[in-house]
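# A look at the structure
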Amino acid sequence: MAAIDGLPTLAQVIRTHDLVAKKQLGQNFLLDLNLTAKIARAAGDLTQCDVLEVGPGPGGLTRGLLAEGARRVLAVEKDARCLPALAEIAAAYPGQLEVVNADALALDVSAYLTPPVRVVANLPYNIGTELLVRWLSPDEWPPFWQSLTLMFQKEVAQRIVAKPGDKAYGRLALLAQWRTDPRIVLTLPPEAFSPAPKVHSAVVHLTRLEAPRYPANGAMLSRITAMAFNQRRKMLRSSLKAMGPDIEARLEAVGIAPTARAEEISLEKFCALSMGYP
Ligand code: SAM
């Protein structure tokens, strides 16, 4: 049966174009168009936005984004086998879908996009965290995007939204929560994908804050949290020893017990500590 946009079902698309999933490209396709529509809706109002989609594959999520009224979609796909299927979608939505056959890690997308921009993607798991860290660490804030709506392994999603004391709390939570508001909006079982991955997945929606949640010295925050969480079981007075002989006094000055461990310390306190350094 043809889908609502007049295009073939995704199972048919995959059969017609012989898109046998490749593990090394992190290919786990979503076949349920109701689900891809739900993910597109979780990204917010798309009608006034350019959408950057990384890894459209056979185009299930791309179709969801266009059906939800995205002003324009820029889809960056590394696997040239997917291009004919994506060209069929572009023909059904004239002037709204641009497909670039490239490695998203190597492409400067800014030249292709007009603000406001939302990023929506079912990311290949092998590059998902790397892309997220890049999008969260631009040279200047605010970044080129307004929001990120991204599929991750559930374990990674939990690391993004974790709070002090949670097992998953660490640098990724601090990086994400310093300048965005991240929320898990959907969790999905392995069977939602073809082929099914080994683990559950979750969609995280991150809305950028116009200014950081707390004032901080960004480079120092990154350095301090790297040291603190690389030895997360150690007391901070010892894991942060390399920050100088006065580290205990600096910790106490911002209300952190020198005997505390990284996993107990809030983002606000890490930010305050970073502000003490030039
Ligand atoms: N969006 C599709 C969906 O939801 O069914 C496919 C998602 S699949 C998890 C990841 C997609 O990213 C694949 O189509 C894969 O070829 C593509 N991909 C993998 N590495 C990439 C890279 N470095 N740059 C761009 N696309 C990549």
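Residues numbered from 1 in each chain as written. Predicted model: local features only at pLDDT ≥ 70, side-chain atom pairs only at ≥ 80, totals over all residues.

Under an unreviewed UniProt entry, the chain has the name Ribosomal RNA small subunit methyltransferase A and belongs to Pseudorhodobacter turbinis. As stated in UniProt under Sequence similarities (unreviewed entry), the record for the chain gives "Belongs to the class I-like SAM-binding methyltransferase superfamily. rRNA adenine N(6)-methyltransferase family. RsmA subfamily." According to its UniProt record, the chain has this under Catalytic activity (unreviewed entry): "adenosine(1518)/adenosine(1519) in 16S rRNA + 4 S-adenosyl-L-methionine = N(6)-dimethyladenosine(1518)/N(6)-dimethyladenosine(1519) in 16S rRNA + 4 S-adenosyl-L-homocysteine + 4 H(+)". (UniProt positions renumbered as here; feature names shortened; annotations may be inferred.)

A few words on the overall build of the chain. For the chain, the count of helices and strands is 11 helices and 9 strands. Its C-alpha atoms give the chain a radius of gyration of 21 Å, near enough to 19 Å, the size a compact globule of 278 residues would have. The 278 residues of the chain split such that 38% are buried. (Helix = DSSP H or I, 4+ residues; strand = E, 2+ residues; numbered from the N terminus. Rg over C-alpha atoms; globule rule 2.2 N^0.38 Å. Buried ≥ 20, exposed ≤ 12 C-beta atoms within 10 Å, placed from the backbone.)

We now examine the UniProt feature "domain: Ribosomal RNA adenine methylase transferase N-terminal" (unreviewed entry) in the chain. Those residues carrying the UniProt feature "domain: Ribosomal RNA adenine methylase transferase N-terminal" (unreviewed entry) are residues 35-210 in this numbering. Taken end to end, residues 35-210 is 31% helix and 27% strand, and its first and last C-alpha atoms sit 30 Å apart.

This paragraph deals with the domain arrangement of the chain. Domain parsing of the chain yields domain 1 (10-208) and domain 2 (218-276). Using C-alpha coordinates to define each centre, domain 1 is positioned 34 Å away from domain 2. Residue-level contacts link 8 residues of domain 1 with 9 residues of domain 2. Of the residues contributing to the side of domain 1 that touches domain 2, the split by class is 4 nonpolar, 3 polar and 1 charged. (Domains from an automatic or database assignment. Contact = placed C-beta atoms within 7 Å. Nonpolar A, V, L, I, M, F, W, Y, C, P; charged D, E, K, R; others polar.)

Quick look at the pairing of strand 9 (residues 201-208) now. Across the 8 residues of strand 9, 6 count as buried, placing the element largely inside the fold. Sheet topology note: the strand 7 (residues 180-188)/strand 9 ladder contains 8 bridges and is antiparallel. When the bridges of strand 9 are listed, Asp181 appears paired with Thr207. (Pairing = 2+ DSSP bridges.)

Surrounding the ligand, one finds 23 residues, the nearest of these being Gly55, Gly57, Ala104, Asn122 and Pro124. Along the lines of polarity and charge, the residues of the shell around the ligand split into 12 nonpolar, 7 polar and 4 charged. (Near = placed C-beta within 6 Å.)

Before going further, it helps to examine the UniProt feature "binding site: S-adenosyl-L-methionine" (unreviewed entry) in the chain. The feature "binding site: S-adenosyl-L-methionine" (unreviewed entry), as given by UniProt, occupies Asn28, Leu30, Gly55, Glu77, Asp103 and Asn122 in the numbering adopted here. Residue placement: Gly55 occurs in the loop between strand 2 (50-54) and helix 3 (60-67). Mapped onto the fold, Glu77 is located in strand 3 (residues 72-77).

So, about the pairing of strand 4 (residues 97-101). Walk down a regular strand and you will see the side chains alternate between the two sheet faces. With 5 bridges joining them, strand 3 and strand 4 adopt parallel strand pairing. Looking at strand 4, one finds that Leu74 is bridged to Glu98. For the segment spanning strand 3, helix 4 (residues 83-92) and strand 4, crossover handedness is right-handed. (Right-handed = clockwise from strand over helix to strand, strands pointing away.)

Glancing now at the sheet that holds strand 4. The strand order across the open sheet formed by 7 strands is 4-3-2-5-6-9-7, and the pairing between neighbours is mixed. Single-partner strands in this sheet number two, and they are strand 4 and strand 7. When the angles between neighbouring strand axes are averaged without regard to direction, this sheet yields 20°. Of the pairings in the sheet, the one linking strand 2 to strand 3 comprises 5 bridges and is parallel in character. When the sheet's bridge partners are listed, Val51 is paired in strand 3 with Val73. (Axes fitted to C-alpha atoms, helices over the stretch in contact; angles between N-to-C directions.)

For the rest of this paragraph, the subject is the environment of Ala43. By the element assignment, Ala43 lies in the loop between helix 2 (33-42) and strand 2. Sequence separation between Ala43 and Leu7 is 36 residues; the distance between their C-alpha atoms is 23 Å. Residue contacts for Ala43: discarding those within four places in its chain leaves Arg118, Val120, Ser147, Thr149 and His205.

Let us look at unusual backbone geometry. If a residue is not glycine, its phi is most likely negative; likewise, a peptide bond is most likely trans. Each neighbour pair has its own omega, and for Trp141 with Pro142 the value is 5°, a cis peptide bond. One can find Pro142 in the loop between helix 5 (125-136) and strand 6 (147-153). The residue after Ser194, namely Pro195, is reached through a cis peptide bond having omega -10°. Its identity as a non-glycine residue notwithstanding, Asp18 has a phi of 55°, on the positive side.

Let us look at the nonpolar core. Counting residues in hydrophobic clusters, the biggest one holds 73 residues, and the most contacted among them are Leu65, Leu150 and Val204. Among the elements that make up this core, the one with the highest residue count is helix 7 (residues 171-179) (6 residues). Shared between two domains, this core takes at least three residues from each, and those domains are domain 1 (10-208) and domain 2 (218-276). Residues in contact with Val204, not counting those within four places in the same chain, are Leu150, Phe152, Ala157, Ile160, Val161, Pro182, Arg183 and Ile184. (Core = buried A, V, L, I, M, F, W, Y, C linked by C-beta atoms within 7 Å.)

It is worth spelling out the environment of Ser239 at this point. Mapping Ser239 onto the fold places it in helix 9 (residues 236-239). Separated by 130 residues in the primary sequence, Ser239 and Val109 place their C-alpha atoms 39 Å from one another. Residues in contact with Ser239, not counting those within four places in the same chain, are Met227, Ala228, Gln231, Lys234 and Ala262.

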